[in-house]
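Residues per chain, in single letters:
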Amino acid sequence: MSQDLSAKQALIIGGGIAGVSAALQLSSAGLQVHLVERDDHLGGHALDFGCKAIDTCQKCNVCLALDKFRQVLQASNVHIHLASQLDALTDSSNGSGFRATILQKPQLITPAKCIACGLCAAACPVNCISPATPALGFTYYTIDRSRCLALQGQDCHKCRDLCPTSAIDLAAQPSTHQLDADAVLLAIGYEPYDALGQGTYGYGTIPNVITGLDAEHQLQASATILRPSDSRPPKKIAFIQCVGSRSDETAPLAFSSQYCSAVCCAYALRISRLLAQQLSESQITIFYMDLQKFGKDYQTLYSDCRDKLRLIRSRPSRLEPAADGQVLLTYEDVTETQVCQEPFDLVVLSIGMRPAADARRLADLLDIDVDQHGFLNPLGSYRPGIFVAGSCSGPADIAETIQRTSAVSARLLDTLRRAPLVANI
Amino acid sequence: MIVQKQAQPNALHSRPRSAVCLCECAGTLADQLDFPKIAASAGRLPGVTRVLRCHALCQPGGSDQLLAALKDQRISRALIAACTPAYYRTALEQAFSSNNINPHLVSRVNIREHCAWVHPDRSSATQKASRLIASAVGRLRLAERVGTQRVSLNRRVLVIGAGLAGMQAALALADKKHAVTLITVSDHLGGRALQQSIIPQAAERARQLAKRIRLNRRISVLTATRLRSLAGRFGQFQAHLSQGQADCGAVIVATGRSQLTGPQQLPAITGTLTFDHLALALQKNRLSNLKRIGLILDLQTQQDRAATRAALKLASRARLLWGCETYLFCCHLRLSGLDQEQQYQQARQDGVVVIKSLSCPEITQQVTAVRLKGTDEQTGRDFDLVLDLLAVADAPQTNNGQAGLTAKLRTGRPVAGLAQRDNVFLLPVDSGREGILFAGSCRTPLEWPQALDDGSAAAEHAHTLLKDSAARAPAKLAEVDPAKCAFCLTCYRSCPHAAIAMDQENRAAIVVPIMCQACGVCVAECPAKAVELVDYTDSQLSISPASPAATVVFACENSALLAADSAGLARMTYSPDVAIVPVPCAGRIDPVHVLRALQAGAEKVLILGCYDQACKYLHGITRARARIERLRTQLTQLGLDPDCVQIGSLMAADAGRFVDFVSDGLQGDKPVIPAKVGI
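Residues numbered from 1 in each chain as written. Chains lettered and ligands numbered in written order. Predicted model: local features only at pLDDT ≥ 70, side-chain atom pairs only at ≥ 80, totals over all residues.

**Some words on the overall build of chain B**
Item 1. Broken down by element type, chain B carries 20 helices and 30 strands.
Item 2. Taken along its principal axes, the extent of the C-alpha atoms in chain B is 95 × 60 × 55 Å.
Item 3. A burial count over chain B gives 54% of its 679 residues as buried.
Item 4. When contacts within chain B are restricted to residue pairs at least 6 apart in sequence, those whose partners lie at least 24 apart make up 75%. (Helix = DSSP H or I, 4+ residues; strand = E, 2+ residues; numbered from the N terminus. Buried ≥ 20, exposed ≤ 12 C-beta atoms within 10 Å, placed from the backbone. Contact = placed C-beta atoms within 7 Å.)

Shown next as structure tokens:
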């Protein structure tokens, strides 16, 4: 006999694209959904991505992701727990489902009360208050806990005194609460490859070497990409593909990165096309290994890139700072069989995806296998009723994340429709 | 025939009494807006009988005053002048539904993000707010009460195609207690998976699914059957099949890609082996005495990761089984599956030589061998190889039957042989037409496990649509006036969601409310002006306040309006002489609205919407652009400056682009449209 879903609850860990699309799908099927997000806001990395449309859409799907975030904020049976993490998960005492312990960091500003007037941010002496999700056309302010003077024990409460809706409570304490869930979905996403920590290609020390993520941030903030050193449009731009992917040079990391991150070619080519159009005098070079296929209009995009961009199949060996803020790039040109050096105004490192920082802890907590790269088993846990979705189970772009999540949500719902789950024996 | 039209005599329409509710945002806007002045001017507007000043609508208890006013019999409609509705909408909508307040009679304007926060000058921000309120009250006076109706749904689902995705979808639906009709053009179940020797697991899975389907009493299977035509609406489709008819509530299309149709065409080569031939030869160990063999992956056509996986696997196997020199020629290895990099490393360890080149090698056919000559891009070395055997990957075939099928289903023209249109908002399985879903590799290239997943996902979507045997739908969204309808089929062809049916008896088009998405494309396209869209009628969109703004922006609610909200949040500034008129889609705007705005005194009219293929209403923006371009040509012919009318695309988060659009060229020469000309 199929079960009434409206009496059931799902717990989703992670409020990025996967978590949010699952929340929407599960709530439209009638479930009560608890969405637990580590940060102070939903959206994950996608919130920082920019639109890459030229005159036409390039199908980066960022607008679709933002649309889903807006939808979930309005969904009535999705309960959002911000600044929270899953601390423990036990089998429920009645033998069906789970009981989760959620740790919530102090909510210094209550999102539901904040009207985004910005008085607090203007008054903050250390500028530690900022809007959380301006890209959604709807925001509230959040306090950077590490910089807030009040949290360092100083007597500062300017923001609290000014807040017209009493949304600020600087003495808020962390809280723990329990949630019942009939199913758990882990959608904790990925971490971008840490080029800074690894010092890859001198990132962080050589000016004008940026990562693909930095490029996305710039694009989101200003719809174009400028050289960080002098804020001028770069003329010669290089993209280096497969940074932190398809290599075992990252051996000091806990897990191997002998895999293709699946998204970097797509974003690099889309951003390159955008820049080629915006900065018509620029010359863009892509250093690549293999270009990965993506999207239905790949054929058009690829032939356009071959016309407009310089594609070099090579993995540059090093980058060095040069005069005028330029970056000197050394690579082997196999067609000339010689080592070449070429200066660029801007070098973009197309960094890949790494397993989420919390993946190991949650995998242990929920009995989920972790593969040699650190990604979670897409089939979920040994414990029935625990599922895994999105890029925490392997690199995926927005489209593939949504596609995979849709299938996992279907599986979760099918499980709940069947007889009540029996506790693990 | 399809939905009974409900007569809606609207008694309120004759003397609508409106309340205007001003939210003062907890007192934070006092420096930017002169609320007493706004309240006074709102109170003078025709039909406004009450002005409420509310402290903070979004805070607990903040909307009590408004709710009390709405429950008062003397108030028939309300305008909320506050911030971005996201701050207060959810709470208010719940209050409305529990108090039985018709949402169509409540309208909203944004005086915070669109006025107070973007115009530093208090008096001009105040003036703009008053103007926005005046236009919105004018539109609200013409608003209509729209009820809902019960629509019956047939829970049977028609699944077209019995490959992995189709079979999986059929079984998943049967599990959810739906009756399923599964049709396939083939004479057996299983599809392409059965014919491929490269992936025996897929073939095995196909056989298992086929067996389960034959045993399932909820699934009726019709082999050697095609869809002839599909009539009716979502929930009550009638599918005419080459054998008989199937009545169903929804359709899942899982026709896959075409049958194997042979290898990529390469210059100077005839009769090459396909990968499948090679797989069979390896399986049966048929060939021997091979010294040197080659596999070509993607020298002429793009290949996906399934083909890459097959190529690496076959190359490794051949190398190990026959001990021959094995070369794999490719442009790009598609390794974006997790284990695929390992597979590639393994192939290389097994001794497979991978040669990469963007340019096709020179290929010559010899009597019993093939010669390939070129340069490997990885090493820069030239190669000149005589191969005993050359296997070539199949060209990714486009399914030519797809176009015929999507025409019958009215789901738009296939792109690159894929049935699903290439639009961001159709991900993952939507067709754009309510009740019709795509699954499997007919919509995008997928590897076989993903095709199975896709089948389950589509089944879940179909189940969400047909959960119960009835649903509630708006009584009307867009409505055709049969007296004006010329039966020209323009609306039928232009509706992005194929939500229009033609009533042969009464010779008039009918909009099916349960399929209509209320985008207004048909309304703008109709040459006879026979269609009206609720809340966005021609008269509502043509209302201009007494002192019109220099620039009128028709802003798509999915992109431009949200971008304007973001601009406000970011406290960007632009000229206050801009009036924003929200529309559901740029596709709603027809030249009449533009001309009326110009006639009323606007200097410039901007239509701002989404990008093509990121338009929530599929081709709404494309249609709008075509209409506006025609209008611009006409203006030029009349000797007027066409630049006074512009259409642009932007994304919802693109606040900067919105500000650029509304700030550019405001000083353009004002075209003079004589007031006497009837538009």
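**Things to note about the nonpolar core**
The nonpolar side chains of a soluble globular protein tend to be buried, and buried together.
Item 1. In terms of nonpolar packing, the biggest core is built from 371 residues, with Leu185 and Leu186 of chain A together with Cys21, Ala81, Ile133 and Ile252 of chain B touching the most fellow members.
Item 2. When near neighbours in sequence (up to four residues on either side) are disregarded, leucine 185 of chain A contacts Ala10, Ile12, Ala22, Phe387, Ala389, Val408 and Leu412 of chain A. (Core = buried A, V, L, I, M, F, W, Y, C linked by C-beta atoms within 7 Å.)

**Comments concerning the environment of alanine 509 of chain B**
Residue and element names in this part refer to chain B.
Item 1. With respect to the element layout, alanine 509 can be found in strand E25 (residues 508–511).
Item 2. C-alpha of alanine 509 to C-alpha of valine 109: the two residues are 400 residues apart in sequence and 34 Å apart in space.
Item 3. Once residues within four sequence positions are removed from consideration, alanine 509 is found in contact with Val480, Cys485, Cys491, Tyr492, Ile500 and Met502.

**Observations concerning the sheet that holds strand E29 (residues 604–609) of chain B**
All names here are of chain B.
Item 1. Sheet architecture is open: four strands sit in the order E28-E27-E29-E30, paired in parallel fashion. The strands lining the two open edges of the sheet, one partner per strand, are strand E28 (578–583) and strand E30 (645–649). With strand direction ignored, the average angle separating the axes of adjacent strands in the sheet is 20°.
Item 2. The pairing of strand E27 (residues 551–556) with E28 spans six bridges and is classified as parallel. (Pairing = 2+ DSSP bridges. Axes fitted to C-alpha atoms, helices over the stretch in contact; angles between N-to-C directions.)

**Here's the deal with the pairing of strand E18 (residues 370–375) of chain B**
Residue and element names in this part refer to chain B.
Item 1. Bridge count between strand E17 (residues 362–365) and E18: four bridges; the pairing is antiparallel. What sits directly across from threonine 364, in E18, is arginine 371.
Item 2. What sits between the antiparallel neighbours E17 and E18 is a turn of four residues.
Item 3. Two strands pair when backbone bridges link them, and E18 and strand E19 (residues 382–387) are joined in this way by six bridges, in the antiparallel orientation. Bridge assignment links arginine 371 to a residue of E19, and that residue is valine 386.

**Description of the environment of proline 576 of chain B**
Residue and element names in this part refer to chain B.
Item 1. In this fold, proline 576 is placed in the loop between helix H17 (560–569) and E28.
Item 2. Residue classification places proline 576 among the buried positions, given that 22 C-beta atoms sit within 10 Å.
Item 3. Residues proline 576 and methionine 167 lie 409 residues apart in sequence; the distance between their C-alpha atoms is 59 Å.
Item 4. When residues no more than four places from it in sequence are discounted, the contact partners of proline 576 are His119, Asp121, Ser124, Ala125, Gln127 and Lys128.

**Here's the deal with the packing of H17 of chain B against helix H20 (residues 655–663) of chain B**
Residues and elements named next belong to chain B.
Item 1. With their axes 8 Å apart at the nearest point, H17 and H20 run at an angle of 100° to one another. The angle between H17 and H20 falls in the class roughly perpendicular. Contacts from Ala560, Ala563, Ala564, Ser566 and Ala567 in H17 reach Ala655, Arg657, Phe658 and Val659 in H20.
Item 2. In terms of residue class, the contact of H17 with H20 is made up of seven nonpolar, one polar and one charged. (Parallel < 35°, antiparallel > 145°, perpendicular 65-115°, else oblique. Nonpolar A, V, L, I, M, F, W, Y, C, P; charged D, E, K, R; others polar.)

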